[in-house]
Amino acid sequence: MKKGTVYLVGAGPGDYRLITLKGLQCIQDADVIVHDRLADPRLLSYARADVELIYVGKESNRHTMRQEEINQVLVDKAKKGKSVLRLKGGDPYVFGRGGEEALFCLENDILFEEVPGITSAIAVPAYAGIPVTHRGIASSFSVITGHEDPAKTETSIRWESLATATDTLMFLMGMENLPYITKKLMQNGRKADTPVAVVRWGTKPEQEVLVGTLETIEQLVREQNFQPPAIIIVGEVVSLREQLRWFDNRPLFGKRIVVTRARAQASNLIELLEEYGADCMQYPTIAIEEMDDYGKLDQAIVEIETYQWIVFTSVNGVEHFYKRLYDAGKDSRVLNRAKIAAIGSQTAAALTEKGIQADFVPQEFRAEGLLAGFGKQLNGVRILIPRADEAREILPEELAKRGAYVNVVPAYRTVIDASEAKALEEALRTGRVDAITFTSSSTVKNFLSMLAGKNMEQLLKSVVIAAIGPITADTARDAGLNVQIIAQEYTIKGLTEALVKAIGNRG
Ligand code: SAH
């Protein structure tokens, strides 16, 4: 990005991943980002740590900043030599006032670039299973503002030609005027039985779709209290939804699932759940922190070549061990004498990334399962276990009983993260949660302590509780929770599959 330049960037229609590569690069580079409510916060997480974020609001009822002020901010920041990104929903030039912002830059001798975005006008129908053109059905489309005040005597929309000139019509910002729009179209020659769809929060997990005709849609919207933001799609292509629906009929679509894992670890679970259509709510209960004192681990690394076995029990254990190893100027080559065991396929995968194929990954992903692989006699065998500061004791104890010298060194610690406690309670209280996932005993314990003193029975009344495995499930049951789902394979994938089976839309 060039300094002193304003970039008008389209953020895409809703799902934050529908941004262009160039748009994302701009976010990663920008000195200043000026954004509004349609931009997903997850996009902003790609920005530089020292980025200046300016929120300019724009909810139709309470404008946080007027357009002239926004223009001025863009120019002022660029004049200070900053690279300024104006992030806009959909495409900046489709009812986004991007053109005005560009003209204002020119008037003030500021350079600008426009980075197109995927407009909601086309993407939202697509996510509802409606192609805007289709061979033999629709060979043209129009995108129209539905925002025009019906009381205006001079309309800038030429309804008499618009109603029938193109096959498919998309109205943006039109929900308030829906009765007016449908009336105008019918008055000007569009048939009353023309299919119509309204799509709310398209491309997002909250997407809702209502289908009717020019004649019926207004009443359907009223009955269902269907709210903006939504797009109105008029034309025969709407009928294709029956066959081409792909997004809002996935197995977990619309299911609101709480993820309690540490923020840093939650992404793979969230991605998988989202692939099945779930609406994930991230309320971390755990944070992973460095140890204050790495004396023990560092000492173990010094004498690493004296160990016959190194046992990794978690991805975090692998990552933190390697961080200290690299800091000491060493790498995987110093592990060449030891056998390596990994509990869990994720742990094994984390090792593979470091160039290590674990010698032993137990069939059963639990400490108990691991023990079987070492054999009964371990006299004098030196075993290193870098893992969480506080973890279950059974593994080292059993190994020691068999004669091994076991050195358990803390590689990281987990602490309770209660920052979202209020939001979590609110979500439960207002009935916005379908299921809660627990991926370890600590997530259960911390979850309960975050809600200590609250009426758990009431809060969890209609919530399904899912545990990654039997140990986590036991912890939850011991605490009085009603666990309905236990993954058969104790992995993130197993947990997701168990959820699909238990609460999925198609059984
Ligand atoms: N520049 C944007 C449009 C801005 S106007 C673009 O190219 O998409 C805002 C209107 O767009 C909303 O009132 C609504 O009609 C429509 N819109 C934007 N995102 C939407 C979404 N995810 N679902 C449904 N409608 C959406």
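Up top is the structure these notes are about.
For every chain, the first residue of the written sequence is number 1, and numbering continues from 1 along that sequence. Predicted model: local features are reported for residues with pLDDT of at least 70 only, side-chain atom pairs are reported and counted for 80 or more only, and whole-chain, interface and lining totals are derived from all residues. Computation of side-chain values covers all heavy atoms of the structure but excludes hydrogens and water.

Draft legend 1. Representation of the overall build of the protein within the structure. For the protein, the helix and strand inventory stands at 20 helices and 20 strands. Referenced to the eigenvectors of the C-alpha coordinate spread, the extents of the protein come out at roughly 95 × 55 × 50 Å. To sort residues, take the accessible area from a 1.4 Å probe on protein chains only and compare it with the maximum for the residue type: under 20% means buried, over 50% means exposed, and anything in between is partly exposed. A buried classification covers 51% of the 507 residues belonging to the protein. Working note: accessible area of the protein is about 24,300 Å², and carbon and sulfur atoms make up 48% of it. Positive charges come from Lys and Arg, negative ones from Asp and Glu, while His and the chain ends are left out of the count. Every charge is mapped onto a representative atom, which is NZ of Lys, CZ of Arg, CG of Asp or CD of Glu. Across the protein, the 60 positively charged side chains and the 66 negatively charged ones have centroids separated by 2 Å. Secondary structure counts use DSSP, requiring at least four H or I residues in a row for a helix and at least two E residues in a row for a strand, with both numbered from the N terminus. All accessibility values rest on the Shrake-Rupley procedure with a 1.4 Å probe; residue burial counts only the protein chains present in the view.

Draft legend 2. Region of the structure containing the site of the ligand. In the vicinity of the ligand, 17 residues are found, and the nearest of them are Val94, Thr119, Ser120, Met173 and Ala230. Met173 is positioned such that a nitrogen or oxygen atom in its backbone is 2.8 Å from an oxygen atom of the ligand. Between an oxygen atom of the ligand and a main-chain N or O atom of Ala230, the distance comes to 2.7 Å. A total of 550 Å² of accessible area belongs to the ligand in isolation, and the protein chains cover 90% of it. Elements that contribute at least two residues to the shell around the ligand include exactly α5 (120–127) and β10 (230–234). Proximity is defined per residue: any heavy atom of the residue falling within 4 Å of a molecule or strand makes that residue near it. Counted as a polar contact is a pair of N or O atoms within 3.5 Å, where, for protein atoms, one must be capable of donating a hydrogen and the other of accepting one, and residues adjacent in sequence contribute only when both atoms are in side chains.

Draft legend 3. Spotlight on the nonpolar core. Take the buried residues of types Ala, Val, Leu, Ile, Met, Phe, Trp, Tyr and Cys, join any two whose side-chain atoms come within 4.5 Å, and each joined set is a nonpolar core. Counting residues in hydrophobic clusters, the biggest one holds 27 residues, and the most contacted among them are Ile310, Phe321, Tyr322, Leu335, Leu351 and Leu384. For this core, the secondary-structure elements that each account for two or more residues are α11 (295–302), β14 (309–312), α12 (315–327), β15 (339–342), α13 (345–353), β16 (382–388) and β17 (405–416). Examining the composition of this core, we find that four residues originate from one element, α12, more than from any other. Whether two residues are in contact is decided by their heavy atoms: any pair within 4.5 Å suffices. Aside from chain neighbours lying at most four places away, what touches Leu351 is Phe312, Val318, Tyr322, Ile340, Ala342, Ile356 and Ala358. Core analysis: the second largest hydrophobic core is formed by 24 residues, Val258, Ala427, Ile436 and Leu459 among them.

Draft legend 4. Main features of α12. To estimate how far a helix should extend, the number of its residues minus one is multiplied by 1.5 Å. Its 13 residues place the ends of α12 18 Å apart at the C-alpha level, agreeing with the 18 Å of an ideal helix rising 1.5 Å per residue. Turning to α12, its buried residues are Asn316, Gly317, Val318, His320, Phe321, Tyr322 and Leu325. In the stretch just after α12, Gly329 is the one whose phi turns positive, near 80°.

Draft legend 5. Examining the pattern of salt bridges more closely. Every case where a carboxyl oxygen of Asp or Glu lies within 4 Å of a side-chain nitrogen of Lys or Arg is listed as a salt bridge. Scanning all chains against the criterion turns up 34 salt bridges. Connected via shared salt-bridge partners are Lys3, Asp31, Arg48 and Asp50.

Draft legend 6. Expanded view of a nonpolar patch on the surface. Patch members must show over 30% relative accessible area and no salt bridge, and they are joined within 9 Å when carrying like charges or within 5 Å when they are nonpolar side chains of Val, Leu, Ile, Met, Phe, Trp or Tyr. Side chains of Phe95, Ile122, Phe141, Val143 and Met173 sit close together on the surface and give an oily, nonpolar patch of about 390 Å² of accessible area. Here Phe141 is to be found in strand β6 (residues 141–145). The class of Phe141 is partly exposed, set by a relative accessible area of 33%.

Draft legend 7. Region of the structure containing the packing of helix α7 (residues 178–187) against helix α8 (residues 217–224). Taken N-terminus to C-terminus, the directions of α7 and α8 make an angle of 165°; their axes are 9 Å apart at the nearest point. Judged by the angle between their axes, α7 and α8 are roughly antiparallel. Judged by the twist between their axes, the crossing of α7 over α8 is right-handed. Residues Leu178, Pro179 and Thr182 of α7 form the contact with α8, whose participating residues are Ile217, Glu218 and Val221. Classifying every residue of the contact of α7 with α8 by side-chain character gives four nonpolar, one polar and one charged. For helices, the fitted axis covers only the stretch in contact; all axes are lines through C-alpha atoms, and the angles between them, taken along N-to-C directions, range from 0 to 180 degrees. Put simply, angles under 35 degrees are roughly parallel, angles over 145 are roughly antiparallel, angles from 65 to 115 are roughly perpendicular, and the rest are oblique. In this scheme the handedness of a crossing depends on how the near helix is turned from the far one: anticlockwise by less than a right angle means left-handed, clockwise means right-handed. The nonpolar class holds Ala, Val, Leu, Ile, Met, Phe, Trp, Tyr, Cys and Pro. Asp, Glu, Lys and Arg form the charged class, and all remaining residues, Gly among them, are polar.

Draft legend 8. Structural view of the sheet that holds strand β4 (residues 84–88). Between any two strands, at least two bridges found by DSSP are needed for them to pair. With parallel pairing, the five strands of this open sheet are ordered in space as β3-β2-β4-β1-β5. Pairing within the sheet leaves two strands with one partner each, and these edge strands are β3 (52–55) and β5 (111–115). Taking the axes of each pair of neighbouring strands and ignoring which way they run, one obtains an average angle of 20° across the sheet. The pairing of strand β2 (residues 32–35) with β4 spans three bridges and is parallel. In the strand pairing of β4, Val34 is matched with Arg86. Those strands touched by helix α1 (residues 21–29) are β1 (5–10), β2, β4 and β5, and its axis lies near 135° from that of β5. Across the sheet, helix α4 (residues 98–107) is in contact with β1, β4 and β5; its angle to β1 comes to roughly 175°.

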